[in-house]
Amino acid sequence: MSRKPDPLTQYRMHVHEFRGYRYASTQPTVSNPITGKRYSKRIHWGVLEAGDRFVPNRNFRGMPLEEQQKFMFPKEWDLSEVDCLNRPVDPGKRDTNFTKSNDVRIVDVRDLPRKLPSFAH
């Protein structure tokens, strides 16, 4: 007799190493609607940079805060990026990462590379 699936599996983060990259992923058990067979599906929620720093991807960032808080991360992971996502934005504080409109630099097209890099396709 097989074990029943753990209901918390869909929220438990693990490291998935694939092609030299380290991903933060979950493996919920899903069933095929046609055959009825159950299998584990791997879902990536971001990457792990050096020092086990978790950088969330677009799917994790677009998720509601209540859903994000359900995930269980290993204790050794650095979750500072997640904390930055959930910090309230102060409307009176100006973001210093953006430049003023008069600081825009105009680039000549002839200075651009002739061929796009392979990852841009």
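In this report, we go over the structure that sits alongside the text. Because the structure is a prediction, the values reported are computed rather than measured. (Residues numbered from 1 in each chain as written. Predicted model: local features only at pLDDT ≥ 70, side-chain atom pairs only at ≥ 80, totals over all residues. Heavy atoms only, no water.)

1. Side note on the pairing of strand 5 (residues 43-49)
Put simply, the test is: One requirement defines pairing of two strands: DSSP has to find at least two bridges between them. Numbering of helices and strands runs from the N terminus, with a helix taken as a DSSP run of H or I at least four residues long and a strand as a DSSP run of E at least two residues long.
Inspection of the sheet shows strand 2 (residues 21-26) paired to strand 5 by four bridges, in the antiparallel sense. Bridging across to strand 5, Tyr23 finds its partner in Val47. Bridge analysis of strand 5 against strand 6 (residues 53-56) gives four bridges, and the strand direction is antiparallel. Pairing of Val47 across the sheet is with Val55, part of strand 6. Hairpin geometry of strand 5 and strand 6 is characterised by an intervening segment of three residues between the two adjacent antiparallel strands and by a positive phi of about 80 degrees at Gly51.

2. Concerning the packing of aromatic side chains
Spelled out, the test is: Planes of paired rings set the category: under 30 degrees apart is stacked, over 60 is edge-to-face and the rest tilted, where pairs are Phe, Tyr or Trp rings (Trp by its six-membered ring) whose centres lie within 6.5 Å. Remark: exposure states derive from per-residue accessible area (1.4 Å probe, protein chains only) relative to the maximum for the residue type, with buried under 20%, exposed over 50%, and partly exposed in between.
Overall, the coordinates contain 11 aromatic pairs when judged by the stated rule. An angle of 75 degrees between the planes, with centres 5.7 Å apart, marks the rings of Tyr11 and Phe71 as edge-to-face. With a gap of 60 residues between them, Tyr11 in the segment before strand 1 (14-18) and Phe71 in the loop between helix 2 (65-68) and helix 3 (80-85) connect regions that are remote in the sequence. Accessibility assignment for this pair places Tyr11 and Phe71 in one class, buried. Where Phe54 meets Phe60, the ring centres are 5.5 Å apart and the plane angle is 85 degrees; that geometry is what we call edge-to-face. Residue Phe54 is classed as buried on the basis of its relative accessible area, which comes to 0%. Feature note: the residues Tyr11, Trp45, Phe54, Phe60, Phe71, Phe73 and Trp77 constitute an aromatic cluster, connected by ring pairs.

3. Thoughts on the pattern of salt bridges
Under the convention used in this document: When a carboxyl oxygen of Asp or Glu is within 4 Å of a side-chain nitrogen of Lys or Arg, the pair counts as a salt bridge.
Enumeration according to the criterion identifies five salt bridges in this entry. Ionic pairing is found between Glu67 and Lys70, a salt bridge with its closest N-O pair at 3.0 Å. Given a relative accessible area of 41%, Lys70 falls into the partly exposed group. One network of salt bridges, in which partners are shared, links Glu17, Arg22 and Asp52.

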